[in-house]
Amino acid sequence: MYYEKPAYYIILKKRRQNYEILYNIGGESSVTTVLRLNGKNANIIFRSIINALARQGAVIPSRITEHEQVYSIREDLGPVVGGYLILIRKARNIKKWNSFFNDMLNGQYVGV
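(A) Molecular detail of helix 2 (residues 78-88). Regarding helix 2, the residues found buried are Gly 78, Val 81, Gly 82, Tyr 84, Leu 85 and Ile 88. Each buried residue of helix 2 sits inside an arc of 160 degrees when the element is viewed along its axis, so together they form one side. The secondary structure elements touched by the buried residues of helix 2 are strand 1 (7-14), strand 2 (19-26), strand 3 (31-39), helix 1 (42-55), strand 5 (68-73) and helix 3 (94-105).

(B) Main features of the nonpolar core. Residues Ile 10, Ile 49, Leu 53 and Val 81 are the most contacted members of the largest nonpolar core, which totals 27 residues. Mapped by element, the contributors of at least two residues to this core are strand 1, strand 2, strand 3, helix 1, strand 5, helix 2 and helix 3. By residue number, the principal contributor to this core is helix 1, which donates seven residues. Ignoring anything within four residues of it in the chain, the contact list for Ile 10 reads Ile 21, Leu 22, Phe 46, Ile 49, Ile 50, Gln 69, Val 70, Tyr 71, Ile 73, Val 81 and Leu 85.

(C) Representation of the pattern of salt bridges within the structure. All chains considered together, the criterion is met by five salt bridges. In this structure, Glu 68 and Arg 63 form a salt bridge, with 3.0 Å as the shortest nitrogen-oxygen distance. Assessed through its relative accessible area of 18%, Glu 68 is described here as buried. Residues participating in the shared-partner salt-bridge network are Lys 13, Arg 63 and Glu 68.

Rules used throughout
All chains use their own residue numbering, which begins from 1 and follows the written sequence. Only residues with pLDDT of at least 70 get local features here, since the model is predicted, and only at 80 or more are side-chain atom pairs given and counted; chain-wide, interface and lining totals rely on the full set of residues. Excluded from the side-chain calculation are hydrogens and water; included are all heavy atoms of the structure. For the exposure calls, accessible area comes from a 1.4 Å probe over protein chains only, and a residue counts as buried if that area is under 20% of its type's maximum, exposed if over 50%, partly exposed in between. Secondary structure follows DSSP: runs of H or I at least 4 residues long count as helices, runs of E at least 2 residues long count as strands, and numbering of each begins at the N terminus. Working definition: the arc comes from the directions between the helix axis and the C-beta atoms, pointing outward to the latter. The criterion used for residue contact is that any of the two residues' heavy atoms lie within 4.5 Å. To form a nonpolar core, buried Ala, Val, Leu, Ile, Met, Phe, Trp, Tyr and Cys residues must be joined to one another through side-chain atoms within 4.5 Å. By definition here, a salt bridge exists when the distance from a side-chain nitrogen of Lys or Arg to a carboxyl oxygen of Asp or Glu is within 4 Å.

Here is the structure:
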């Protein structure tokens, strides 16, 4: 039986008036959009995630165009980013959760 390791992608798409974040999981054979987040803070959330992951060397740009940015996320941090996106989806204080995410990536919350 062949088991394909999952790949994690985070995508920022520019729409007419706002931005949309797509969180995709899949391999070479198929990719599935697991989470969709849009709104006025989507661009800020995306930038903060990419900056935090870049400091850890955990993100690779796959495709950057004028209307779309696609980044591949390191396999061990893919589920962490997915959980963070679910958490921040309805959060009121994005800066607080962004600080938590950065601290977690830096190892301050081991076991979380």
